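# Geometric and topological summary
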Amino acid sequence: MTTQLKKGIIELCVLKIISDEPLSGVHVIERMKEMLNVNENTVYPILRRLTAQDYFRTHTEKSEIGAPKKVYTLTEHGQNYLAKGLLEWKDFMKDVSTILGGHYDKK
Amino acid sequence: MTKNNYLTFLQTLLDEYVMDNQIKEDIIKDYDSLWLQYEELGMDPQSIISKLGQPKDIIGELTEGYIKKETKLYYKKKSFNNKLIALTPFIALVLFFLIGFLVPNGFIYAWQTFLLIPMSAIILEGPKKNLEKLTALSPFIALIIFFSILGFGFNLWHPGWMIFLIIPIIGGLNHPSILKRVLISGGLFVTAILYLMIDQLSSFGVIQINSNVSLPYSLFVFIPVLIVILYEWLKNILKNGWMYLILLVISTALYFYISIEFNLWVISWLVFFSIPIYAIMKQAPKKDKIIALMPFISTSLFMILGYFFNVWAFAWLVFLLIPVVAIIQGK
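About the criteria used
Residues numbered from 1 in each chain as written. Chains lettered and ligands numbered in written order. Predicted model: local features only at pLDDT ≥ 70, side-chain atom pairs only at ≥ 80, totals over all residues. Heavy atoms only, no water. Helix = DSSP H or I, 4+ residues; strand = E, 2+ residues; numbered from the N terminus. Buried < 20%, exposed > 50% of the residue type's maximum accessible area, 1.4 Å probe, protein only. Areas by Shrake-Rupley, 256 points an atom, 1.4 Å probe, with all protein chains shown as cover. Contact = heavy atoms within 4.5 Å. Core = buried A, V, L, I, M, F, W, Y, C linked by side-chain atoms within 4.5 Å. Phe/Tyr/Trp six-rings, centres within 6.5 Å; stacked < 30°, edge-to-face > 60°. Polar contact = N/O pair within 3.5 Å; in protein donor to acceptor, adjacent residues only side chain to side chain. Pairing = 2+ DSSP bridges. Axes fitted to C-alpha atoms, helices over the stretch in contact; angles between N-to-C directions. Buried area = accessible area lost by both parts, 1.4 Å probe. Salt bridge = Lys/Arg side-chain N within 4 Å of Asp/Glu carboxyl O.

## Observations concerning the overall build of chain B
Within chain B, the regular secondary structure consists of 19 helices and zero strands. Residues counted as buried form 34% of the 331 residues belonging to chain B. Of the accessible surface of chain B, which amounts to about 20100 Å², a share of 71% is contributed by carbon and sulfur atoms.

What follows is the structure, given as structure tokens:
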């Protein structure tokens, strides 16, 4: 799989995970690691980029004992982008399944 | 690596990019927080680094869309240099007319202002090493000194032509072997001095050499050094193909035949251009061939027009073909 494609898929996964619940960077990294065999190093730069593109807003949660955590929440702009991305992903998967399953018109 | 070392290294790498300080601070603060959170989970520095990534591995992702400071400076400088090079033909033209009209007999010298065009390109965008730059500039420096100072200035056409020896002398200094540098550049320099001494002593009558043959005879002092240069050259020739050797033999035979039979010593040396012309035809990329050939074509035309039609005063115009052809070819 090409790096660009993989990057796009990871981006979509990060958006989806945060759309379910606001999470800190460490939690996003760990959740991604649990479900997908990704290089953890790549997750934070994606969070930064998507925040800069206004798909996430952040707030800092201070804790009595531990380090303050930056928590990421999906914005409305992010929700629209995720919805569009999911639609494109479904169409893409449908086409890929058609080709790989051999269910296409062989002229 | 401790957290502080990690963050300092990351900061150093971020500082290499043209990026808002606020963004850099934010990134460092985030990594600081991520480190602390992993630490709270009981991880050691090594494991934390494997989670966050080595600074040199993540810097590319973090700085996506930003350019390096040195890259920005490089393009800024390059853009300025290119503008300056593009302006040089106009500067040369203005200087040409100023010198031509304001200086007595100015048009005799004025054509040399056009040498500013290739010279500016060599100075601003030419080789990076100073010696290589000087080598590339040496033909132009020699030409200006020969015509403006020694020739027209002091009427020292002979032995003023010897200034052209600075081209192989400086060129020889670029040889990777110190011994060859001494043999070529040192040898040529010492020989030139020796030749000059013999020539001057004979012209003042200190030593007696038949005046008709003194020049050719005294040129024989160049033979040892020419052998060294020829040996070096032949070594390359044998490596790169016999065609060069055949051309050398034919050119030399033709040179002596034309010179002696028709007394055309002034222009017969042009036959030696066949060697670089062959090299260009064989090795240069197709679209660059004509550009590379133009200096040889221009020089040949210059000599032929000057010698056979006696139009030296205008013949230099053919040298303008060099930049014109390069511009047309889109260089």
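## Overview of the overall build of chain A
Tallying secondary structure elements over chain A gives four helices and three strands in all. For chain A, the N- to C-terminal ordering of α and β elements is α-β-α-α-β-β-α. With 107 residues in all, chain A has 37% of them scored as buried. For chain A, contacts bridging at least 24 residues in sequence account for 47% of all contacts bridging at least 6.

## Topic: the nonpolar core
For soluble globular proteins, nonpolar side chains are generally found buried alongside one another. Of all hydrophobic cores here, the largest spans 41 residues; its most connected members are A:Val14, A:Phe56 and B:Tyr31. Elements represented by at least two residues in this core include exactly helix 1 (3–20), helix 2 (25–35), helix 3 (43–52) and strand 3 (69–74) of chain A together with helix 1 (3–14), helix 2 (21–40), helix 3 (45–52) and helix 4 (55–62) of chain B. In this structure A:Val14 touches A:Val28, A:Met32, A:Val43, A:Ile46, A:Leu47, A:Leu50 and A:Phe56, once residues within four positions along its chain are discounted. With 23 residues, the next largest nonpolar core counts B:Leu270, B:Val271, B:Phe273 and B:Trp316 among its residues.

## Focus on the packing of aromatic side chains
All names here are of chain B. By the definition in use, this model includes 23 aromatic pairs over all chains. Considering the side-chain rings of phenylalanine 97 and phenylalanine 101, the 6.1 Å spacing of their centres and the 15° angle between planes classify their relative orientation as stacked. Of the two residues, phenylalanine 97 and phenylalanine 101 are both situated in helix 5 (residues 69–102); the distance of four residues between them amounts to about one turn of the helix. Here phenylalanine 146 and phenylalanine 147 contribute two aromatic rings whose centre-to-centre distance is 5.2 Å and whose plane-to-plane angle is 75°, an arrangement assigned as edge-to-face. Taken individually, phenylalanine 146 and phenylalanine 147 each receive the classification buried, so the pair is uniform in this respect. Connected via pairs of aromatic rings, a cluster forms that spans Trp111, Phe146, Phe147, Phe152, Trp157 and Phe164.

## So, the side chain of B:Ser185
All names here are of chain B. Among the structural elements, serine 185 can be located in helix 11 (residues 178–203). Of the polar contacts made by the side chain of serine 185, one reaches the backbone oxygen of isoleucine 169; its length is 2.6 Å. Sequence-distant contacts of serine 185, that is, excluding residues within four places in its chain, are made with Pro168, Ile169, Gly172, Leu173 and Lys180.

## A few points about the sheet that holds strand 3 of chain A
Residues and elements named next belong to chain A. The strand order across the open sheet formed by three strands is 1-3-2, and the pairing between neighbours is antiparallel. Every interior strand has two partners, whereas the edge strands, strand 1 (23–24) and strand 2 (56–61), have only one. Note: strand 2 against strand 3, six bridges, orientation antiparallel. When the bridges of strand 3 are listed, glutamate 61 appears paired with lysine 69. Each of strand 2 and strand 3 touches helix 3; the most contacted strand, strand 2, lies at about 115° to it.

## Quick word on the side chain of A:Arg49
Examined against the element boundaries, A:Arg49 turns out to sit in helix 3. Within the local environment of A:Arg49, its side chain forms a polar contact with the side chain of A:Glu11, the two groups lying 3.0 Å apart. Apart from the residues within four sequence positions on either side, A:Arg49 is in contact with A:Lys7, A:Glu11 and B:Glu64.

## A look at the interface of chain B and chain A
One frequently used descriptor of interface size is the decrease in accessible area upon assembly of the parts. In this assembly, 20 residues from chain B lie in contact with 18 residues from chain A. Across the chain B/chain A interface, buried area totals approximately 1700 Å², and carbon plus sulfur atoms make up 50% of it. Contact with chain A buries surface across chain B, with B:Gln37, B:Lys51 and B:Glu61 losing the most and accounting together for 31% of the total. Where chain B meets chain A, there are eight salt bridges. Here B:Glu64 makes a salt bridge to A:Lys7, at a shortest N to O gap of 2.6 Å. There are eight residue pairs in polar contact (both at pLDDT 80 or more) connecting chain B and chain A. Elements that contribute at least two residues to the side of chain B that touches chain A include exactly helix 2, helix 3 and helix 4 of chain B. Broken down by element, the residue count for the side of chain B that touches chain A peaks at 11 residues, all from helix 2 of chain B.

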